[in-house]
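Chain residues, written in single-letter form:
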Amino acid sequence: MLWGGRFTEKLNNTAMEFSSSLSFDINLVEEDILVSMAHSTMLADIGIITNDELKSIHNGLTVIKNESSAGVWNPDASIFEDIHSAIESRLGELIGATAGKLHTGRSRNDQVATGFRLWTKKAIANLVEQTSTFQNALLTLAKLHTETIMPGYTHLQRAQPISFAFHLLAYVEMLERDKKRLQFVLDETDSSPLGCGALAGSTLPLDRNTTTEILGFSKPSSNALDAISDRDFVLDFLNACNIGMMHISRLSEELILWSTSEFNFIKLGDAFTTGSSLMPQKKNPDMAELSRGKTGRVYGNYTAIATMMKGLPLSYNRDMQEDKEPIFDSFKSYSQALSMMTGMIETLSVNENRFVDELEGDFLFATELAEWLVVKGITFRDSHHIVGEVVKVAEDNNVKLHQLTIEQLKNINIVFDETALEVFKVDGALYRKKTYGSPNPDMVRSEIEKWNKLLNRNNIIF
Ligand code: ARG
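Throughout what follows, the structure given in this document is the object of discussion. (Residues numbered from 1 in each chain as written. Predicted model: local features only at pLDDT ≥ 70, side-chain atom pairs only at ≥ 80, totals over all residues. Heavy atoms only, no water.)

**Re the pattern of salt bridges**
Per the stated rule, a full pass over the model turns up 26 salt bridges. In this structure, the salt-bridge partner of Arg-117 is Asp-230, at a minimum N-O distance of 2.9 Å. Of this pair, Arg-117 sits in helix α6 (residues 108-143) while Asp-230 sits in the loop between α9 (224-229) and α10 (232-258), and the two are 113 residues apart along the sequence. A single burial state applies to Arg-117 and to Asp-230, both of which are buried. Across the pair Asp-396 and Lys-392 runs a salt bridge whose closest N-O atoms are separated by 3.0 Å. Taken together, the residues Asp-396 and Lys-392, both in helix α15 (residues 380-396) and four residues apart, mark about one turn of the helix. Take Lys-392: its relative accessible area is 49%, and that puts it in the partly exposed class. Each of Glu-81, Asp-82, Arg-108 and Arg-318 takes part in salt bridges that share partners, so that together they form one network. (Salt bridge = Lys/Arg side-chain N within 4 Å of Asp/Glu carboxyl O. Helix = DSSP H or I, 4+ residues; strand = E, 2+ residues; numbered from the N terminus. Buried < 20%, exposed > 50% of the residue type's maximum accessible area, 1.4 Å probe, protein only.)

What follows is the structure, encoded as structure tokens:
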């Protein structure tokens, strides 16, 4: 028990169960030990503890760290309020009364805020790395499909021809924004609250720069009251998880659609699909569905913390202990989903020619025909109308656009000539795109090259 001097009774058992965070803040064991090591080093530097005491504290903490990673130290949640008190108590068992000096000038408030920031920085580094791996998997697949034609959609209606590589590169862009967002969260997280005490610093000459440096933070936080009260970095992190998961969820949905018999565009690898207990023919895209589904709980985690923080007076309130489970859960879901997506992309096979015949003369070339008319000097509004008539004639005759005769086209508008029929051809359709950022295979190939160079650089600064 960390407190108790003024109490005559111990905490009610149910109240202990209700309030203990040990079952989940055990995740912070390494970070809490790092914080204690840095704090005690600084206490020795300023002469509050002796070097022998420091040695004994460090030895004890190292033992706890090893016991914990070996799984032989499992503190009991019915006895300890949290990981911080459990470690301090174990330290007492190991080194005796000197353990009581560790908490000098420190509160669990700055201790937990510091450890939690360290954990968050580590989680960000993991997610950034996993996102880069996922981008690499997309690029590897994209390289093979710069000429694999598929319909691009708006409103899930066929709109214009694109390539599979172009579609995959859209996700590479999204993932890059996810990494930038995480980089921003890292900057927000990268200040040390250690030495802020319960809310107002200390009368002891604690050297906050020393602990900041030992723990690898870029600066000490500058207002103790804010540093203890602040959980913005948690919300920023959770929101980065939200948007990252939203992107994953969209790709999941597409993988699910593309692998249906109706689309028949891709086949997911066996290692990332499941069967049905009843229907022997089934191959289900469960990993994509779960990635899509887990997005809901990740959004819920953000809402939980935003709601918990709303209206809290400064500085620490016990409500804030509720910040941990949601962030651990969002991290786990996001990290697992990233590895599922990477695995699915690495193992799927593509039905490359799926759309070649089907798109020949498809109405999705209508926009291109309108642009052909624009080049002939017709305003876009008029050409849009004319092509609308072309589509209608084809529909009325139950034929595709490339099956129309030049006479039929000339009947609609005299400007049409043989070259108009060229635009209905799948062959060369992608190369006819001229703008930067379009699915023109030459441009897509140079984008892939650009991304390969970018991803081989480590673009996050820790
Ligand atoms: N378990 C607490 C938490 O995670 C630690 C801080 C407790 N501070 C306190 N003043 N009771 O928030």
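**A look at a negative patch on the surface**
A cluster of acidic residues, Asp-187, Glu-188, Asp-226 and Asp-232, forms a negative patch at the surface. Looking at the secondary structure, you find Asp-232 in helix α10. (Patch = residues over 30% accessible without salt bridge, like charges linked within 9 Å, V, L, I, M, F, W, Y side chains within 5 Å. Areas by Shrake-Rupley, 256 points an atom, 1.4 Å probe, with all protein chains shown as cover. Lys, Arg positive; Asp, Glu negative; His and termini not counted. Charge placed at Lys NZ, Arg CZ, Asp CG, Glu CD.)

**Thoughts on the pairing of strand β1 (residues 149-154)**
Where β1 and strand β2 (residues 157-163) come together, six bridges link them in antiparallel fashion. Across the sheet, the residue bridging to Thr-154 is Gln-157, located in β2. (Pairing = 2+ DSSP bridges.)

**Quick word on the site of the ligand**
If you check the shell around the ligand, you find Ser-21, Asp-25, Asp-82, Arg-108, Asn-109, Val-112, Tyr-316, Gln-321 and Lys-324 and nothing else. In the model, a nitrogen atom of the ligand is placed 3.1 Å from a nitrogen or oxygen of the Asn-109 side chain. At a separation of 2.9 Å, a nitrogen atom of the ligand approaches a polar side-chain atom of Gln-321. Its free accessible area being 340 Å², the ligand has 87% of it covered by the protein chains. (Near = heavy atom within 4 Å. Polar contact = N/O pair within 3.5 Å; in protein donor to acceptor, adjacent residues only side chain to side chain.)

**Remarks on the side chain of Glu-67**
Relative to the assigned elements, Glu-67 resides in helix α4 (residues 51-69). A polar side-chain atom of Glu-67 sits 2.8 Å from a polar atom in the side chain of Arg-90. Other than its neighbours up to four places away in sequence, Glu-67 contacts Val-72, Trp-73 and Arg-90. (Contact = heavy atoms within 4.5 Å.)

**Observations regarding the packing of helix α7 (residues 164-189) against helix α18 (residues 441-456)**
At a minimum axis distance of 11 Å, the contact between α7 and α18 shows a crossing angle of 30°. Taken together, the axis directions place α7 and α18 in an arrangement best described as roughly parallel. For the pair α7 and α18, the sense of crossing is left-handed. Judged by residue contacts, Ala-165, Phe-166, Leu-169, Val-172, Glu-173, Glu-176 and Lys-179 of α7 engage Val-444, Glu-447, Ile-448, Lys-450, Trp-451 and Leu-455 from α18. For the contact of α7 with α18, the per-class residue count stands at eight nonpolar, no polar and five charged. (Axes fitted to C-alpha atoms, helices over the stretch in contact; angles between N-to-C directions. Parallel < 35°, antiparallel > 145°, perpendicular 65-115°, else oblique. Left-handed = near helix turned anticlockwise from the far one by under 90°. Nonpolar A, V, L, I, M, F, W, Y, C, P; charged D, E, K, R; others polar.)

**Description of the packing of aromatic side chains**
The full count for this structure, using the stated rule, is 12 aromatic pairs. Aromatic side chains Trp-119 and Phe-237 sit 6.3 Å apart centroid to centroid with 65° between the ring planes, which places their arrangement in the edge-to-face category. Remark: Phe-237 occurs in helix α10 and Trp-119 occurs in helix α6; sequence separation between them is 118 residues. Among the residues examined, Trp-119 registers a relative accessible area of 7% and is labelled buried. Note on Phe-237: relative accessible area 0%, which makes it buried. Taking the centre distance of 5.8 Å and the plane angle of 20° together, the rings of Trp-372 and Phe-416 count as stacked. One end of the pair, Trp-372, is in helix α14 (residues 366-375); the other, Phe-416, is in the loop between α16 (406-412) and α17 (418-422), with 44 residues separating them in the sequence. Assessed through its relative accessible area of 12%, Trp-372 is described here as buried. An aromatic cluster of at least three residues, connected via ring pairs, comprises Phe-116, Trp-119, Phe-233, Phe-237, Phe-328 and Phe-331. Positioned over the ring face of Phe-116 is Lys-324, at 5.3 Å from the centre of the ring. (Phe/Tyr/Trp six-rings, centres within 6.5 Å; stacked < 30°, edge-to-face > 60°. Lys NZ or Arg CZ within 6 Å of the ring centre and 35° of its normal.)

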